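Understanding the architecture of this molecule
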Amino acid sequence: MHSNLAIRTEGLSKTYNGTTALKSLDLKVHEHSIFGFLGPNGAGKTTTIKLLLGLIKPTAGGGTVFGHDITGDSVEIRRKVGYLAQVPSYYMHMTARETLRFKTRFYYSGPRNRIEERVQETLEMVELADKADRPIKGFSGGERQRLGIAQAQVHHPDLLILDEPAANLDPMGRRDVLKIMERLRKHATVFYSTHILDDVQRVSDTVAILNHGELVAQASIEELLTGSGGTVYSITFKGSHEEAQSRISAHEWVSGVTVVPGDLRTTLHVAVTDEDAAEDELMRLAVCDGKATVTEFGRKRYELEDVFVEIVEGSNNGE
Amino acid sequence: MASDGELQVVRESGWLSGLPNMLRKENGKWWNTRQWLVQSVIWILLVNGLHGMVLQLSNQGPASMEFLFESVTIFYALLGGMTPFGAMILTQGAIVEEKKSGTAEWVLSAPLSREAFVLSKLVINSLWIFGTLVLLQGAVYELVLMAYGMEIVPVLDLVKGLALHGFHLLFWITLSLMLGTFFKARGAVIGIPVLLLAFQDLIADFGRRYLPGIEFWLPKRIEEIATQVTLRGPISSTVPLFTIGLQIAVFTVIAFWRFKREEF
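Digging into the overall build of chain B
- From N to C terminus, chain B includes 10 helices and 1 strand.
- Shown N-terminal to C-terminal, the secondary structure of chain B runs as helices and strands in the order β-α-α-α-α-α-α-α-α-α-α.
- Taken across its 264 residues, chain B has 39% of its residues classed as buried.
- When contacts within chain B are restricted to residue pairs at least 6 apart in sequence, long-range pairs at least 24 apart make up 80% of them.

Listed below in structure tokens is the structure:
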């Protein structure tokens, strides 16, 4: 039993008719974290989620959720988990209120009014209270997604597993979902898969990247962003940059220079091995001949998208 | 999990997990959508409507005992000939449709056992089918007889016969549910039982020549027993009660076994 781990998998694998969907996944998700699970389409994200919920069975390996075995204690796991599927499905003859009432009763019994209170507060949280008594078949994609989030957390689960929670939402809807996730972190662990890297960077504290069924990276957001290719400075020139580029490249503490041409300006990304030397000399080397004007200078901030593309492409090339 | 005052955490375990909630949901599908009313009307028109027409067109004196025997035989022929289709139609989508639409995946992400999922479909559909396609038809049948000034069938005899007819329908219900756990499309789930129902006589003929005893495994034999029980006539053989009961049990066990292995 790992008291501070919400999810732990060891060698978790799944094969469908000879095709490997997931290959020996070792994953650790700490309690009360927001864990972003990234990967291109078909990387094995949904397979992993379904394995954790007992919807499919592993071909090899195993795992635990709050210490419960994913194959033997699936019902116990599902008592503690709220799940939003990639394409949420509901009983179309039910209204949103009936759906939440139905879902709540898997977890709680008690006076009807208390169940209704819980349902009502959840409907208000996802701003569906005014549509609560309409049949779901008339709901838009965004409304269905909000209902999906509502049904996933109506029982206040310890772990929320969300498969592409913001996929069908407009920017406002996405923002609301992220807000809800941040609010829920106080009481629960959030494990979610997504393609929207901006969202991951905004709310997640840990990220795992899956490619072709294999885990290719798992780290905190900070580690992932800073640990990619050492320190890089970004210098933007107006005018000729060639001489400055030659001067900079000649120094042994410069490990590489990448030119990013623009319409009127050119940017150099300078990778360095000695940060102190770079801070002392780089700006001076850039401006000393007076032929070009430096309009921007600073440490390059990596975006998660850069890291993601680099890792996924690196793993593809390594095959 | 957060404490919830008066709300109590549900603690069903094993195969019972989620069963009460699923039973309530399945019942709601019949009751809240008024499916019970629609089915009641359809089958009253088909079974008792046709029976009433036969009475209307008959040349015999309605009060004769011979005619009552004929009426019972016609009533069971109509029940046996038509309501199995109803049972198949009403249960063919119960599991397949949930697999296709993704709702099975959704409910099984809650603390619901797979056994409870299948059991809820079996219990609630069987009860409502028995209520609307069997018991209600029996009650209306008696009213029709009264309306034609005939002596009614003794209630206990009719109930015994209807119970046997319900047993007959259970064969088709469990067969359809079992097929639903194997297939992903409705075609096979409805097609196989329809073919079996349509070719029962052919299979019986074939059996008489090449496979003696096979006719005892065909559900239509239950209908003959139900008619005889209602008429207090001699029952040729009780073997079909055991063979059909065995098949119902096998279909049910296979449905549980197969659904437990289903991947979503």
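Considerations on unusual backbone geometry
- One non-glycine residue, A:His212, lies in the positive phi region at around 50 degrees.
- Here A:His212 is to be found in the loop between β10 (206-211) and β11 (214-220).
- Judged by C-beta crowding, with 18 C-beta atoms within 10 Å, A:His212 ranks as partly exposed.
- Even without being a glycine, B:Arg232 presents a positive backbone phi close to 55 degrees.
- Mapping B:Arg232 onto the fold places it in the loop between α9 (220-230) and α10 (239-260).
- Judged by the 10 C-beta atoms lying within 10 Å of it, B:Arg232 is exposed.

Structural notes on the domain arrangement of chain A
- Partitioning chain A into domains gives domain 1 (5-226) and domain 2 (231-300).
- A straight line from the C-alpha centre of domain 1 of chain A to that of domain 2 of chain A covers 45 Å.

Quick word on the nonpolar core
- Core analysis: the largest hydrophobic core is formed by 132 residues, its most contacted members being A:Val65, A:Leu160, A:Ile161, A:Val190, A:Phe191, A:Ala208 and B:Leu169.
- Take this core: its biggest share by element is 14 residues, from helix α5 (residues 114-147) of chain B.
- Among the nonpolar cores identified, the runner-up in size contains 14 residues, and A:Tyr233, A:Val270, A:Ala278 and A:Ala286 belong to it.

A word on the environment of A:Ser249
All names here are of chain A.
- Position of Ser249 among the secondary structure elements: in helix α9 (residues 242-249).
- A C-alpha to C-alpha distance of 51 Å links Ser249 and Leu84, two positions 165 residues apart in sequence.
- What Ser249 contacts, discounting residues up to four positions off in sequence, is Val254 and Val257.

With respect to the sheet that holds strand β8 (residues 159-163) of chain A
Residues and elements named next belong to chain A.
- Taking strand neighbours across the sheet as the criterion, the 6 strands line up as β6-β8-β9-β3-β10-β11 in an open arrangement whose pairing is mixed. If you trace the sheet from one side to the other, it starts and ends with β6 (81-84) and β11, each paired once. Direction aside, the axes of adjacent strands within the sheet are offset by 15 degrees on average.
- By the bridge criterion, 6 bridges tie β10 to β11 in an arrangement that is antiparallel. Of the residues in β11, the one forming a bridge with Leu210 is Leu215.
- Across the sheet, helix α1 (residues 45-53) is in contact with β3 (34-38), β6, β8, β9 (189-194) and β10; its angle to β8 comes to roughly 145 degrees.
- Across the sheet, helix α11 (residues 304-317) is in contact with β3, β10 and β11; its angle to β10 comes to roughly 35 degrees.

Some points on the interface of chain A and chain B
- Each partner contributes to the interface: chain A provides 28 residues, whereas chain B provides 27 residues.
- Secondary structure elements with two or more residues in the side of chain A that touches chain B: α1, α2 (74-80), α3 (96-104) and β7 (108-109) of chain A.
- The greatest single-element share of the side of chain A that touches chain B, amounting to 3 residues, is contributed by α2(A).
- The residue inventory of the side of chain A that touches chain B, partitioned by class, reads 14 nonpolar, 6 polar and 8 charged.
- In this structure, β7(A) lies alongside strand β1 (residues 8-9) of chain B, joined through 2 bridges in antiparallel fashion.

Observations concerning the sheet that holds strand β14 (residues 265-272) of chain A
All names here are of chain A.
- Sheet architecture is open: 4 strands sit in the order β13-β14-β12-β15, paired in antiparallel fashion. Either end of the sheet is taken by a strand with one partner, and the two such strands are β13 (254-261) and β15 (292-299). Taking each pair of neighbouring strands and ignoring which way they run, the sheet shows an average axis angle of 20 degrees.
- For β13 and β14, the ladder comprises 7 bridges, and the chain directions are antiparallel. Across the sheet, the residue bridging to Val260 is Thr267, located in β14.
- In this fold α9 packs onto β12 (231-239), β13, β14 and β15, with an angle of close to 160 degrees to the strand it touches most, β13.

Considerations on the environment of B:Gly131
- Turning to its location among the elements, B:Gly131 is positioned in helix α5.
- Taking the C-beta count within 10 Å as the criterion, B:Gly131 has 16 such neighbours and is therefore assigned partly exposed.

Notes on the pairing of strand β1 (residues 5-16) of chain A
All names here are of chain A.
- With 8 bridges joining them, β1 and strand β2 (residues 19-30) adopt antiparallel strand pairing. Opposite Leu12, over in β2, you have Leu25 as the bridge partner.
- In textbook terms, the turn of a hairpin is the stretch between consecutive antiparallel strands, and for β1 and β2 this stretch comprises 2 residues, one of which, Asn17, has a positive phi near 45 degrees.

Structural notes on helix α4 (residues 112-125) of chain A
All names here are of chain A.
- End to end, α4 covers 20 Å across 14 residues, agreeing with the expected 20 Å (1.5 Å per residue, within 8%).
- Taken together, the buried positions of α4 are occupied by Ile115, Arg118, Val119, Thr122 and Leu123. Looking straight down α4, one finds that the buried residues subtend no more than 135 degrees of arc, so they occupy a single side. Facing away from the buried surface of α4 by more than 90 degrees, the exposed residues are Asn113 and Glu121.
- After α4 finishes, the residue Glu127 shows a positive phi value of roughly 55 degrees.

As for the packing of α3(A) against α4(A)
Residue and element names in this part refer to chain A.
- Their axes nearest at 10 Å, the elements α3 and α4 cross at an angle of 125 degrees. Taken together, the axes of α3 and α4 lie oblique to each other. The element α3 and its partner α4 pack so that their crossing is right-handed. Seen from α3, the contacting residues are Ala96, Arg97, Leu100, Arg101 and Thr104; seen from α4, they are Ile115, Arg118, Val119, Thr122 and Leu123.

A short note on α10(B)
Residues and elements named next belong to chain B.
- Here α10 is 22 residues long and its end C-alpha atoms lie 32 Å apart, about the 32 Å a rise of 1.5 Å per residue gives.
- Among the residues making up α10, those that are buried are Pro240, Ile244, Ile248, Phe251, Ala255 and Phe259. Buried residues of α10, viewed axially, fall in a sector of 75 degrees; they line one side. Summarising the geometry of α10, the exposed residues directed more than 90 degrees from the buried face are Phe242, Leu246, Ala249 and Val253.

Calculation criteria
Residues numbered from 1 in each chain as written. Chains lettered and ligands numbered in written order. Predicted model: local features only at pLDDT ≥ 70, side-chain atom pairs only at ≥ 80, totals over all residues. Helix = DSSP H or I, 4+ residues; strand = E, 2+ residues; numbered from the N terminus. Buried ≥ 20, exposed ≤ 12 C-beta atoms within 10 Å, placed from the backbone. Contact = placed C-beta atoms within 7 Å. Domains from an automatic or database assignment. Core = buried A, V, L, I, M, F, W, Y, C linked by C-beta atoms within 7 Å. Pairing = 2+ DSSP bridges. Axes fitted to C-alpha atoms, helices over the stretch in contact; angles between N-to-C directions. Nonpolar A, V, L, I, M, F, W, Y, C, P; charged D, E, K, R; others polar. Expected span 1.5 Å × (residues − 1). Arc of directions from axis to C-beta. Parallel < 35°, antiparallel > 145°, perpendicular 65-115°, else oblique. Left-handed = near helix turned anticlockwise from the far one by under 90°.

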